[in-house]
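As a plain string of letters, each chain reads:
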Amino acid sequence: MASSPCGITNFDSGLEIKTRSVEQTLIPLVSQITTLINHKDKPKKSERTLAAIHRVGQAVSVAVGRFVAVGEAIATENQELKEEMGQACFEARRAGDAIAQLTDASATTAAAIVMASPAQTDGRATVFSDRTAMVKAARLLLSSVTKVLVLADRIVIKQIIASRNKVLVTLDHLERVSTFQDFVHIFSQFGNEMVEFAHLTGDRQNDLKDENKRARMAAARAVLEKCTMMLLTASKTCLRHPDCESARINKDAVFQRMRCALEQVIEIVTEARSSGETRVLPASLYNGIKDFKVGRGQGRHLVGQLEALVERTEDFTDSAYTSHEQRQAILGLCQVARQHAQQLAQAAQDQEVTEGVEVCIIKTCQSACDLHRELHKVAVSRAADLLRLHGEQLPLRALKVSGGEGNLEAVGEFTRTLTEQKEQLVETCRLLGHVSGTEPLEITCVHAEETFHVIGPQIISASQTLALHPSSKIAKENLEVFCEAWESQLCDMALLLREINDAALYTQKHTANLKTTKAVKLDAEEQTSMAKLGVELRLLSSDMDGELDKWEEQEHEVVRHGQSLASMAYSMYLFTRGEGLLKTTLDLFHQAEVCRHLSLHLSLKLVEEKTALTTEMEKLLALCQQLQTGAKTPVQGKTATFQTVDSSIQTSRAIMAAVLCLLPLCNKLNRKVTDPINHNVSV
């Protein structure tokens, strides 16, 4: 174990849990560790209690032994993980043995040796008065077991990549095939491989914790599912009419789209783009307004955010399909928002946040909301009108008829109609993305936009092929498949529109109840999901207590702030267990806000030592701002409340880690100077 507090607090560095299965696997271990670290603080115990603790410690050791055996078997079968997995298994076994010995009064000395902690002569006193040994063992066990699980999860990723590679190889063979007999044989193999890939990616999609990744995975898998049938008919058409240019264009587009979707799946599971860049969504008004509204209290920053927000309305105002009345309404609201922003800029010139500044901020935020409401109305009404207008699929019917008659002139005419319809749908999907309300819905809007953009030209090339070969049954079937994909996407768009409207209704209800956010308690399932996070907070609070004990001047203001933070972290830990003084989510949010104030005050106390402490101070200030955003943003609904609770505790944990890194530095500096820090700095 690292001896530095900074090193100790980063025991989960790089081990973010991204799947539900890993989280669920850790729950029993977290429960047992919680039992042990809670009992170690109780000085007097009956023989019955001691026996129970001993049984828990032995159970942990046995369970870890079995767990490590599985990890070592995985390492043997996967040489690329052997070194990392071997080290993680070694640390897990070491920690499990240490916990077994720490809970056995007759073996405290051996346990102390294993954990590199000084042992005391009184066995029972050592077991339950040494505040660091059990915490160190628990931390090592939790981090090492987490690492083993995360490494094992790489095997699943490896399987998905291997399956994708097999699909790509077969896809290349299909693209180059020249006879029907070879095509049938290879396509049969391709179908089996796609079924395997679909199962692996479907399981992964359901296992992902991140909603945005799940939405992206769903979009990529939908493309692969629909393109499989397109690939069949497009390839058969190209084989039947090898000299037809439109058939070749049609087929090439399908293969290209499948390869892009396969690549997107790998980007999601590996969290890396082939170019090394991170994938980001296009700038949307939804994200712009969300960022703008959570910036309350930073008047000067709001002005720039609002200006950027107004610029994004150009997708609406520059559209040829936006009516004059709608365009004027949007421009008018933009002008009002700019006026409020200018007033805010003038009021925010003073350093203090006065009542006038607060009024300007409220007006500016309200103007942003009014603008969003108008944009939502424009986007939704246009989408509904388009869906009604194109519900009968007249251009598609006309293309089928004119293509079957071999009428190239008519096909050209209806192609222009379909192209215009495609442009309208693509633009409307982009507008819906701006007002979608949630990032997963925004991702779905981007997928719909891309789908219409690609399928439109594919329908055109398929209809041109049929017009050139009107008696070809396979060309007719191919056009039918692409038309069905278009119709399916229109149905998906109608469903998407309904979900966006539902999100808007929820937002309106949420806005109307901002001052009456419902206080709720976490249920058993939510408490279980947060168990590991709670234990990490508990361990950090113990570390902070230990670090503060090293200060000679116990009345120092830094010490008092640190003790308060440790106490609040412990209260949050109890909250994750359904215990303690924090009973509801509102209690937790209030505690998070107090934690932010204390942390901010502590960072101000250290301002004159900025050269030595600048990195951790900046980190702490950023975390304070993040915690303020979460604590002051009212939420409603079970899922939203749970996510905010989780975010607040995550940020509080990060604040504890940052403060724990600052404390030894502060103690060292405090010893060097004649006057205490709180005499040198005025707040």
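These figures come from a predicted structure and were not determined experimentally. (Residues numbered from 1 in each chain as written. Predicted model: local features only at pLDDT ≥ 70, side-chain atom pairs only at ≥ 80, totals over all residues. Heavy atoms only, no water.)

**Let's talk about the overall build of the protein**
- For the protein, the count of helices and strands is 26 helices and 0 strands.
- Counting contacts in the protein only where the partners sit at least 6 residues apart, residues at least 24 apart contribute 79% of the total.
- Looking at the protein as shown, the accessible area adds up to about 32500 Å², and 53% of this sits on carbon and sulfur atoms. (Helix = DSSP H or I, 4+ residues; strand = E, 2+ residues; numbered from the N terminus. Contact = heavy atoms within 4.5 Å. Areas by Shrake-Rupley, 256 points an atom, 1.4 Å probe, with all protein chains shown as cover.)

**Quick look at helix H16 (residues 394-404)**
- Taken as a whole, H16 has its buried residues at Pro395, Leu396, Ala398, Leu399, Ser402 and Gly403. All buried residues of H16 lie within an arc of 160° about the axis, which places them on one face of the element. Summarising the geometry of H16, the exposed residues directed more than 90 degrees from the buried face are Leu394 and Arg397.
- Taken from the residues just after H16, Gly406 is the one with a positive phi, measuring 70°. (Buried < 20%, exposed > 50% of the residue type's maximum accessible area, 1.4 Å probe, protein only. Arc of directions from axis to C-beta.)

**A look at a negative patch on the surface**
- Where like charges cluster on the molecular surface, the negative patch consists of Glu311, Glu314, Asp315 and Asp318.
- By secondary structure assignment, the location of Glu314 is in helix H13 (residues 314-317).
- Glu314 gets classed as partly exposed once you look at its relative accessible area, which sits at 44%. (Patch = residues over 30% accessible without salt bridge, like charges linked within 9 Å, V, L, I, M, F, W, Y side chains within 5 Å. Salt bridge = Lys/Arg side-chain N within 4 Å of Asp/Glu carboxyl O. Lys, Arg positive; Asp, Glu negative; His and termini not counted. Charge placed at Lys NZ, Arg CZ, Asp CG, Glu CD.)

**A word on the packing of H16 against helix H17 (residues 408-434)**
- Taken N-terminus to C-terminus, the directions of H16 and H17 make an angle of 160°; their axes are 9 Å apart at the nearest point. Viewed along their axes, H16 and H17 adopt a mutual orientation that is roughly antiparallel. Like other packed secondary-structure pairs, H16 and H17 cross with a definite hand, here left-handed. Residues Pro395, Leu396, Ala398, Leu399, Ser402 and Gly403 of H16 form the contact with H17, whose own contacting residues are Ala410, Val411, Phe414, Thr415, Thr417, Leu418 and Gln421. (Axes fitted to C-alpha atoms, helices over the stretch in contact; angles between N-to-C directions. Parallel < 35°, antiparallel > 145°, perpendicular 65-115°, else oblique. Left-handed = near helix turned anticlockwise from the far one by under 90°.)

**Here we look at the nonpolar core**
- Counting residues in each nonpolar core, the largest one holds 82 residues, and the members touching the most others are Leu432, Ile459 and Trp486.
- The biggest single contributor to this core is helix H19 (residues 473-512), with 13 residues. (Core = buried A, V, L, I, M, F, W, Y, C linked by side-chain atoms within 4.5 Å.)

**A word on the side chain of Gln205**
- Here Gln205 is to be found in helix H8 (residues 180-207).
- Judged by relative accessible area, which is 15%, Gln205 ranks as buried.
- Non-local contacts of Gln205, meaning those with residues more than four positions away in its chain, are made with Arg214, Met217, Ala218 and Arg221.

**Thoughts on the packing of aromatic side chains**
- Summed over the entire model, instances satisfying the criterion amount to 3 aromatic pairs.
- Plain terms: the ring middles of Phe183 and Phe187 are 5.6 Å apart, the flat faces sit at 25° to each other, and that makes the pair stacked. One end of the pair, Phe183, and the other, Phe187, are both in helix H8, 4 residues apart, so they sit about a helical turn from each other.
- Judged by its relative accessible area of 2%, Phe183 is buried.
- You can call Phe187 buried: its relative accessible area is 16%.
- On the numbers, 5.8 Å between centres and 40° between planes, the contact of Phe187 with Phe190 is tilted. (Phe/Tyr/Trp six-rings, centres within 6.5 Å; stacked < 30°, edge-to-face > 60°.)

**With respect to the environment of Ser31**
- In this fold, Ser31 is placed in helix H2 (residues 20-39).
- Overall, the relative accessible area of 44% leaves Ser31 in the partly exposed class.
- Counting along the chain gives 546 residues from Ser31 to Arg577, while the straight-line C-alpha distance between them is 9.9 Å.

**What about the pattern of salt bridges?**
- Across all of its chains, the model carries 20 salt bridges by this definition.
- Notably, a salt bridge pairs Glu245 with Arg248, separated by 2.3 Å at the nearest N-O pair. Remark: Arg248 and Glu245 occur in helix H10 (residues 245-270); sequence separation between them is 3 residues, near one turn of the helix.
- Using a relative accessible area of 46% as the deciding quantity, one classes Glu245 as partly exposed.
- Between Arg430 and Glu449 there is a salt bridge, with the nearest N and O atoms lying 3.2 Å from each other. In this pair, Arg430 is assigned in helix H17 and Glu449 in helix H18 (residues 439-468), connecting sequence segments 19 residues apart.
- Accessibility expressed as a relative area gives 31% for Arg430, which makes it partly exposed.
- Overlapping salt bridges bring together Lys18, Lys213 and Glu271 as one network.

**Describing the state of the cysteines**
- Applying the stated rule across the entire model yields 0 disulfides.
- Cysteine Cys260 shares no disulfide, and the gap to the nearest cysteine sulfur, in Cys227, comes to 9.8 Å. (Disulfide = S-S within 2.5 Å.)

**A look at H10**
- With 26 residues, H10 extends 38 Å from end C-alpha to end C-alpha; this agrees with the ideal 38 Å at 1.5 Å per step.
- Positive phi appears at Glu271, one or two residues downstream of H10, with a value of about 55°. (Expected span 1.5 Å × (residues − 1).)

**Topic: the confidence of the model for the protein**
- Across the protein, pLDDT averages 79, with 76% of residues at or above 70.
- Scored below 50 in pLDDT, residues 1-14 makes 24 contacts in the model with residues more than four places away or belonging to other chains.
- Here residues 274-279 is a poorly scored stretch, pLDDT under 50, and it has 6 contacts once near neighbours within four places are set aside; other chains count. (pLDDT = per-residue confidence, 0-100.)

**With respect to the environment of Thr25**
- Following the sequence through the fold, Thr25 ends up in helix H2.
- Between the C-alpha atom of Thr25 and that of Leu149, which follows or precedes it by 124 residues, the distance is 8.4 Å.
- Polar side-chain contacts of Thr25 include one of 2.7 Å to the backbone oxygen of Ser21. (Polar contact = N/O pair within 3.5 Å; in protein donor to acceptor, adjacent residues only side chain to side chain.)

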